[in-house]
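# Reading the structure
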Amino acid sequence: MKLSWHEGDMPYSEEFGDFYYSRADGRDECRHVFLGGNGLPGRFATGPHFVIGELGFGTGLNFLETWSAWETTAPDAAVLEFHSFELRPLKRSDMMRALSAWPDLDEKSSRLAAAWPDQPAAGISMDFQSTGRSIRLRVHAGLALDTLETLRFRADAWYLDGFSPSRNPDMWSAELMRLVASRTREGGTFATYSAAGWVRRNLQAAGFTVEKRQGHAGKRDMSAGHLGAPSLQP
Ligand SMILES: C[S@@+](CC[C@H](N)C(=O)[O-])C[C@H]1O[C@@H](n2cnc3c(N)ncnc32)[C@H](O)[C@@H]1O
């Protein structure tokens, strides 16, 4: 992935013409959109096993922020399974440069970097232990449409985090949203920063109930919802 850097540590994809996360505050965006939009971390407390799917691993920021929330809110010995789908896994040095913006994540980003392969292969698999809880990270390299097809997990929650729909339409296609729905347990949730009409329609056609919510940092809207009828709450 050809990157350029803004303000020292803010990665921008030259290929897609977009930033990896909000320029206002990527971490706060993660908390508001992806965690908050999926009712997390509150739902972590409800059981011994939780499964998250993510479209777009990028720098790993969403993963690390989720890990931070998991280690303080999940029941003892609970297991988090985090499946992320990534077309262009970043080099370790680029990942670390981006994540250096959040020094309090240093311990976790160093553990992620230590386990990150020099030459990202088709499947990146790593397990972490943290405050007595487990985290299983699986990064599936390739086109999300191809790799997701081969897997049989059912997510409790999805982070839909492709680049902006106008620049990265493959990550929001009707076909991919149908596949996401088929890998979601009934009542499972999704959240995304996007409120684009055609993305919302693709999610609805796939079987999700879609709601508009207040966006992050001055953005008017974002989208979140759950699989199934409006009455079926997670
Ligand atoms: C907005 S960034 C993700 C940011 C990330 N969640 C983070 O925490 O840094 C979007 C990511 O989607 C990936 N991507 C774009 N098209 C893809 C595709 N068709 N399949 C899988 N990944 C794709 C890009 O390489 C990029 O890393």
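Look up: the structure comes first, before these words.
## Quick word on the sheet that holds strand β6 (residues 123–130)
- Taken together, the 8 strands give an open sheet; going across it, the order is β6-β7-β5-β4-β8-β9-β11-β10, and neighbouring strands pair in mixed fashion. Only two strands of the sheet have a single partner each, and these edge strands are β6 and β10 (208–214). Sheet twist, expressed as the average angle between the axes of neighbouring strands with direction ignored, equals 20 degrees.
- Sheet analysis places strand β5 (residues 79–86) next to strand β7 (residues 133–141), joined by 8 bridges and oriented parallel.

## Digging into the sheet that holds strand β3 (residues 18–19)
- Overall, antiparallel pairing links the 3 strands, which are arranged β1-β2-β3 in an open sheet. Edge strands, defined here as strands with exactly one partner in the open sheet, are β1 (3–6) and β3.
- Two elements, β1 and strand β2 (residues 10–13), share 4 bridges in a ladder whose sense is antiparallel. Across the sheet, H6 pairs through a bridge with M10, a residue of β2.

## Describing the site of the ligand
- What surrounds the ligand is a group of 22 residues, the closest being G56, G58, T59, L87 and A144.
- At the level of elements, α2 (61–73) and β5 are the ones that each hand at least two residues to the shell around the ligand.
- Tallied by class, residues from the shell around the ligand come to 11 nonpolar, 7 polar and 4 charged.

## Digging into helix α6 (residues 174–182)
- Within the span of α6, buried status applies to L176, M177 and V180. Along the axis of α6, the buried positions cluster into a sector of 100 degrees, meaning they face one direction only.
- In the core, the buried residues of α6 are packed alongside β4 (49–55), α5 (144–149), β8 (155–160), β9 (184–192) and α7 (197–205).

## Describing α7
- Within the sequence span of α7, burial applies to V199, R200, N202 and L203. Taken around the axis of α7, the buried residues stretch over an arc of 160 degrees, which confines them to a single face. The exposed set on the far side of α7, more than 90 degrees from its buried face, consists of G197 and A205.
- Buried positions along α7 lie against α6, β9, β10 and β11 (221–227).
- Positive phi appears at G207, one or two residues downstream of α7, with a value of about 115 degrees.

Conventions adopted
- Residues numbered from 1 in each chain as written.
- Predicted model: local features only at pLDDT ≥ 70, side-chain atom pairs only at ≥ 80, totals over all residues.
- Pairing = 2+ DSSP bridges.
- Helix = DSSP H or I, 4+ residues; strand = E, 2+ residues; numbered from the N terminus.
- Axes fitted to C-alpha atoms, helices over the stretch in contact; angles between N-to-C directions.
- Near = placed C-beta within 6 Å.
- Nonpolar A, V, L, I, M, F, W, Y, C, P; charged D, E, K, R; others polar.
- Buried ≥ 20, exposed ≤ 12 C-beta atoms within 10 Å, placed from the backbone.
- Arc of directions from axis to C-beta.
- Contact = placed C-beta atoms within 7 Å.

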